Every structure is written in structure tokens, then in C-alpha cells.
Amino acid sequence: MSAQLAALATRLRPMAVADVAEVLALERQVYSMPWTEGNFIDSLAAGYEALVLRPVPAGRDPKPQLLGYMLAMKGVDEMHLLNLSVAPEQQGRGLARLMLDALCGICREQACPQLWLEVRVGNQRAREVYRRYGFSETGLRRAYYPVQQGPREDAVLMSLAVAP
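Let me begin by describing the structure that accompanies this report. Values in this document were obtained by computation on a predicted structure and should not be read as measured data.

## Some thoughts on helix H2 (residues 20-30)
Structurally, the α-helix is built with 3.6 residues per turn, so residues lying three or four positions apart point the same way. Listed as buried for H2 are Val-20, Val-23, Leu-24, Leu-26 and Glu-27. Down the axis of H2, the sector holding all buried residues measures 165°, keeping them to one side. Pointing more than 90 degrees away from the buried face of H2 are the exposed residues Ala-21, Arg-28 and Gln-29.

In C-alpha cells form, the structure reads like this:
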């Protein structure tokens, strides 16, 4: 499904505390070292940009399945993407691109011409998604990510210039 078709069938809205349990369940599916409930609650309390992605409600379904979510933190003249996740069974449908498009719109609204993120060195799929979107690999953060056993994993620092 193209990103355009995905956009027609989905809706992004601000993440609320009521979404956290479902977001946390998806987080645990996607990551070996997931964020905690406290990480999400603290991010919402701090006013970070936080969005959930769900299908457009059909019929009487008041809260359709969570397809993905993202959180970003505004800095001085920049935005830092902290977490972007798509449900495993929904990956490859353009939903990450849809959320990145929305985040770039937020960057423009808030006069943040630069978007930054870190991604695990070993997460080739995510690195490719970001590269295809236009991000450049600009550095390496050594021993950035915790792992269940062994030494911490490095992170690739990526950036994107957001056109006004």
C-alpha cells in the first residue's frame, strides 16, 4: 500500500495517557530493550510531541487497533525524534513515512529546520527507512544503547534538513 493510500485509511492524533498501555504493549513487541511506562508518561508530562496512528474508525469501533506511534522533543532550532514504531504486521505499508511527514510538518510549524535521531547500528531496516526518507548518517554514539547481555550497542546519529 502506498503512503498516500495509507494516509487515507489512517489518522494521527496526539498521544494521551489513556493510550500508554497499548503503546507500551506495542513497544514491547518491537524492541528488545523497550521504553518503560514511566518513560512514556514522563514524555507526555514534559510536553513532547507524541502521536498515535490508528485506522480511521469504522462502524462502532471507538478505538481501532494501534498501528504505530512517535515521540519527539523540541530543542533550540531543532527537533529530536526519540521513538518511532510501527506494529510488526503493519510494517512495509508506508506508515513510518506517514509519521515522518507529520513530524516534518510539526518541525516547519515550530521553526525547527533540523531533525535528528539515533538508531541502533544493527537496526539495518530502520536505517534504510530513514536513508530513503532523506536522512544522512552524520556520526556515531559509542555504547549508546543498552542490551540484555554484553557490551552496549553503538548508535548511528542521523539528521535531516527540513525545508521550510
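After that view of the structure, there is still more to cover.
## Observations concerning the packing of H2 against helix H3 (residues 37-45)
The interhelical angle for the contact between H2 and H3, taken along N-to-C directions, is 130°, at an axis separation of 10 Å. The angle between H2 and H3 places the two elements in the oblique class. Crossing handedness for the pair H2 and H3: right-handed. For the pair H2 and H3, contact is made by Val-20, Val-23, Leu-24 and Glu-27 and by Glu-37, Phe-40, Ile-41 and Leu-44, respectively.

## What about the sheet that holds strand S7 (residues 153-161)?
One open sheet accounts for 7 strands, arranged S1-S2-S3-S4-S5-S7-S6; its pairing is mixed. This sheet does not close on itself; its edge strands, each paired only once, are strand S1 (10-14) and strand S6 (136-145). Strand-to-strand, the axes of this sheet are offset by a mean angle of 25°, without reference to chain direction. With 8 bridges joining them, strand S3 (residues 68-75) and strand S4 (residues 78-86) adopt antiparallel strand pairing. Within S4, the position partnered with Met-73 by the bridge is His-80.

Definitions and limits used
- Note on numbering: residues in each chain are counted from 1, in written sequence order.
- Only residues with pLDDT of 70 or above have their local features reported here, since the model is predicted, and side-chain atom pairs are shown and tallied only from 80 upward, although totals for entire chains, interfaces and linings are computed over all residues.
- Side-chain measures were taken over the full set of non-hydrogen atoms in the model, leaving aside hydrogen atoms and water.
- Burial classes follow relative accessibility: with a 1.4 Å probe on protein chains only, a residue under 20% of its type's maximum area counts as buried, one over 50% as exposed, and anything between as partly exposed.
- Put simply, DSSP H or I for four residues or longer makes a helix, DSSP E for two residues or longer makes a strand, and each gets a number counted from the N terminus.
- The arc in question is formed by the directions pointing from the helix axis toward the C-beta atoms.
- Lines are fitted to the C-alpha atoms to define the axes, a helix being fitted only along its stretch in contact, and any angle between axes, read from their N-to-C directions, falls within 0 to 180 degrees.
- Should an angle fall under 35 degrees it is taken as roughly parallel, and over 145 as roughly antiparallel, whereas 65 to 115 is taken as roughly perpendicular and any remaining angle as oblique.
- Handedness of a crossing follows from how the near helix is turned relative to the far one, being left-handed for an anticlockwise turn of less than a right angle and right-handed for a clockwise one.
- Contacts between residues were defined by any pair of non-hydrogen atoms, one from each residue, lying within 4.5 Å.
- One requirement defines pairing of two strands: DSSP has to find at least two bridges between them.

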